[in-house]
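The residues making up each chain are set out below.
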Amino acid sequence: MLKYSLMRLARSVLTLVILITVIFILLRQMPVEGYFTNFEKMSPTAIDVGLRKLGLKDPLHIQIGRYFLKLLQGDFGVSFRYRVNYPIAQLIWPKMLVSMKFGLTSMVLSLPLGMALGVLMVRGKGRLADKLGNAYIVFIEAVPNAVYFIFIQLYGSSWFDLSILYKAEEWTSMILPVISLALPSISGYAMWLRRYMVDEMNKDYIKLARAKGVPSSAIWFRHVFRNSVVPMVNLIPGSLLLTISGSIYVESLYSVPGMGGLLVDVIKRQDNYMVLALIVIFSSLSILGLLLGDLLMGVVDPRISFAKKEGSR
Amino acid sequence: MENKEIILSVRDLNVKFSLRGKVLHAIRGIGMDLYKGESLAIVGESGSGKSVLTKNFIGLLDNNGWIDSGEILYYGMDPQHPVDLAKLKTDEEWRDIRGKHVAMVMQDPMTSLNPLKTIGWQIGEALKLHQNLRGEAARKKAIDILSDVGIPEPERRYSQYPHEFSGGMRQRVVIAIAMACNPRILVCDEPTTALDVTIQAQILHLIKELKEKYALTTIYITHDLGVVANVADRIAVMYAGDIVEVGCADEVFYDPRHPYTWALLSSLPQLGIKGRDLYSIKGTPPNLFHPIRGDAFAARNPQALKIDFLHRPPYFEISATHKARTWLLDPRAPKVDPPEHIKNIRNIRKNMTGGQCNG
């Protein structure tokens with residue numbers, strides 16, 4: 001298990017290095033105006049001097065090497081356009097914390113609620129609870145969420161007398177954005193758990209368990225539910241880590257100073273180092289999420305073995 | 001036979017299913033007795049209702065099926081006051097029967113075990129329910145049962161997961177779980193169909209051994225007449241949701257009377273006549289969505305009588321233990337000779353000794 005984890009970790013790091021290199025090279029092909037604030041008024045010589053000062057005229061491999069060295073020290077460089085000459089790490093960190101605060105709160109809420117809804121739907125499969133649950137899921141999946149987000153913001157704030165925008169010092173102003181974030185997640189968790197449980201409950205081993213006289217509550221809990229949670233476990237670390245990426249809609253509706261939309265913003269403004277920094281963060285977290293998900297699967301599913309195959313007998 | 005104790009008695013059982021808005025009459029008025037300690041084989045082609053019939057004994061009929069009428073009297077709890085299994089509905093009501101009185105071995109051992117639990121845990125679950133054993137006592141008992149069903153190194157195997165077992169070994173585990181319930185009746189639903197031919201004999205031998213050791217009553221569901229020949233005391237032949245012939249194994253094998261039994265036996269490759277095509281039954285089984293008039297097999301029976309298409313035949317007794325539902329046995333019926341294959345079997349019988357039904 002340890003050996004496997006280290007191997008996977010090494011491979012993840014390699015993936016990341018390749019990914020950063022490729023993105024780095026691609027971003028160097030972009031127009032150079034992104035490195036200056038007053039590009040239009042600059043003479044070609046001034047531009048040349050400026051680029052030289054930034055080290056952008058050096059051979060590509062030296063530039064890349066330099067970037068990795070800085071990265072290892074936790075230095076993402078500075079922003080050129082988003083906030084001029086401001087260190088990127090200091091720029092992003094507080095935003096990540098805000099997005100994470102919302103994301104984690106909504107996940108802590110939606111995971112148990114979504115699973116409860118899924119179980120309720122399966123237990124009453126084809127009956128009212130299932131139909132209502134399905135209606136909810138179809139609504140969430142089919143209607144663009146910007147539509148009901150606006151309703152939640154407008155009616156929620158007026159009916160319950162809540163702040164229409166996020167205020168850091170007022171925790172009640174988090175309620176509406178967190179509900180908006182949780183609604184789609186609840187639907188997702190409920191849908192997947194219901195699906196996995198329906199799959200499990202029709203399997204032969206459930207019939208055998210019934211035939212041996214296991215009471216139905218134990219069948220539901222010890223066999224069907226327990227086995228259906230396993231495939232979901234794989235997804236949880238990833239979604240947990242990516243809560244830091246925030247949500248474009250919710251954050252812009254409530255003017256939350258989070259990460260949502262930041263990537264699009266900096267791409268539009270050609271702030272290359274910012275783009276690079278965000279890609280490094282998001283991809284490392286995605287890769288780490290996958291890795292943790294797989295390792296967790298190995299813990300809960302005995303069929304997954306990280307050791308060399310012995311062969312079954 | 002008369003002094004045999006009845007453990008389960010099915011009386012005029014009708015089972016129906018609702019499928020795509022139509023009603024399917026899957027079991028059409030079956031009556032049969034199961035004797036304590038015997039081994040009964042139910043044979044018939046796919047869709048004849050073999051599994052559906054026995055699922056009623058353990059309350060595991062699919063949700064779209066129901067018992068329309070009839071009784072299933074179980075005498076195993078109190079011989080004076082039988083329980084009517086046909087009246088049990090909820091899992092709660094079935095709890096005392098399932099496992100404890102009737103246990104089941106299913107067809108496919110590859111999918112019959114929970115993949116995420118050790119086999120020790122799965123046997124322990126049954127031990128806790130039916131023998132009230134926990135902890136160390138349960139572990140000891142489970143290991144005993146594992147070695148009982150012929151699994152080598154039971155202590156090591158106890159803590160392994162199903163995927164670490166081969167198909168044959170998994171079927172032994174499934175049997176071990178059934179034995180952990182300590183049942184009176186063991187229903188084996190095609191227990192060897194999914195297994196390698198070389199393993200089949202071992203599993204059949206094992207079930208037979210356990211039957212003797214624990215005085216079980218066993219029901220085999222199968223379409224493999226080779227299996228039947230090995231294990232059955234009595235045979236019930238099913239066709240289109242009805243038992244068309246029932247008798248001691250030797251009677252049904254060597255002196256079959258129903259045209260369907262003739263056809264079934266004639267299709268056995270072992271009985272084929274060299275140089276000729278293997279016999280096969282023409283046509284398809286009747287559609288059970290529609291009511292059946294007369295003898296269900298008549299349409300596929302080249303020697304069918306006129307009355308076969310009009311009235312359903314009653315049972316005619318050939319001996320105290322052997323009866324068949326065919327008009328051919330009516331004294332007024334013309335003499336119809338069984339096919340050549342069947343005559344050959346009868347000749348084999350003449351050279352044999354014994355072969356009495358000892359139920």
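Residues numbered from 1 in each chain as written. Chains lettered and ligands numbered in written order. Predicted model: local features only at pLDDT ≥ 70, side-chain atom pairs only at ≥ 80, totals over all residues. Heavy atoms only, no water.

Undergrad: Would you mind going over the overall build of chain B with me for this structure?
TA: On a plain count of helices and strands, chain B comes out with 11 helices and 12 strands. Here chain B has a C-alpha radius of gyration of 21 Å; the compact-globule value for 359 residues is 21 Å, and the two agree. Along the three orthogonal principal directions, the C-alpha set of chain B runs to about 70 × 45 × 45 Å. Here chain B holds 359 residues, and the buried ones make up 54% of them. The contacts in chain B between residues at least 6 apart in sequence include a share of 66% that link residues at least 24 apart. Looking at chain B as shown, the accessible area adds up to about 16200 Å², and 51% of this sits on carbon and sulfur atoms. The positive charge centre, built from 45 side chains, and the negative charge centre, built from 42, are 2 Å apart in chain B. (Helix = DSSP H or I, 4+ residues; strand = E, 2+ residues; numbered from the N terminus. Rg over C-alpha atoms; globule rule 2.2 N^0.38 Å. Buried < 20%, exposed > 50% of the residue type's maximum accessible area, 1.4 Å probe, protein only. Contact = heavy atoms within 4.5 Å. Areas by Shrake-Rupley, 256 points an atom, 1.4 Å probe, with all protein chains shown as cover. Lys, Arg positive; Asp, Glu negative; His and termini not counted. Charge placed at Lys NZ, Arg CZ, Asp CG, Glu CD.)

Undergrad: Just to check I follow, could you spell out the sheet that holds strand 1 (residues 6-19) of chain B for this structure?
TA: Paired through backbone hydrogen bonds, the strands of a sheet run either parallel or antiparallel to each other. Residues and elements named next belong to chain B. One open sheet holds the four strands; their spatial order is 2-1-4-5, and the pairing between them is antiparallel. With partners counted over all chains shown, the strands left at the sheet margins are strand 2 (22-35) and strand 5 (83-84), one partner each. Two strands pair when backbone bridges link them, and strand 1 and strand 2 are joined in this way by 11 bridges, in the antiparallel orientation. Each bridged residue has a counterpart across the sheet, and for valine 10 the counterpart in strand 2 is methionine 32. (Pairing = 2+ DSSP bridges.)

Undergrad: Please clarify how the packing of aromatic side chains should be interpreted in this entry.
TA: Scanning all chains against the criterion turns up 17 aromatic pairs over all chains. Look at A:Phe102 and A:Tyr166: their rings are 5.0 Å apart centre to centre, the planes differ by 70 degrees, and that puts the pair in the edge-to-face class. Taken as a pair, A:Phe102 in helix 4 (residues 88-123) and A:Tyr166 in the loop between helix 6 (145-159) and helix 7 (175-201) lie far apart in primary sequence, 64 residues in all. Across the pair, exposure class does not vary: A:Phe102 and A:Tyr166 are buried alike. A centroid spacing of 5.1 Å and a plane angle of 70 degrees characterise the contact between B:Tyr260 and B:Phe297, whose relative ring orientation is edge-to-face. Here B:Tyr260 is found in helix 10 (residues 259-266), whereas its partner B:Phe297 is found in the loop between helix 10 and strand 11 (316-317), with 37 residues between them in sequence. Considered together, B:Tyr260 and B:Phe297 belong to a single accessibility category, that of buried residues. Its guanidinium or amino end placed over the ring of B:Phe165, B:Arg157 lies 4.3 Å from that ring's centre, counting from NZ or CZ. (Phe/Tyr/Trp six-rings, centres within 6.5 Å; stacked < 30°, edge-to-face > 60°. Lys NZ or Arg CZ within 6 Å of the ring centre and 35° of its normal.)

Undergrad: Would you take a moment to explain the environment of A:Pro237 for this structure?
TA: Residue and element names in this part refer to chain A. Note on placement: proline 237 falls in helix 10 (residues 236-241). On the basis of relative accessibility, which here comes to 9%, the residue proline 237 falls in the buried class. As for proline 237 and serine 106, which are separated by 131 residues in sequence, their C-alpha atoms are 15 Å apart. Look past the residues within four positions of proline 237 in its chain and what remains in contact with it is Gly289, Leu292, Gly293 and Leu296.

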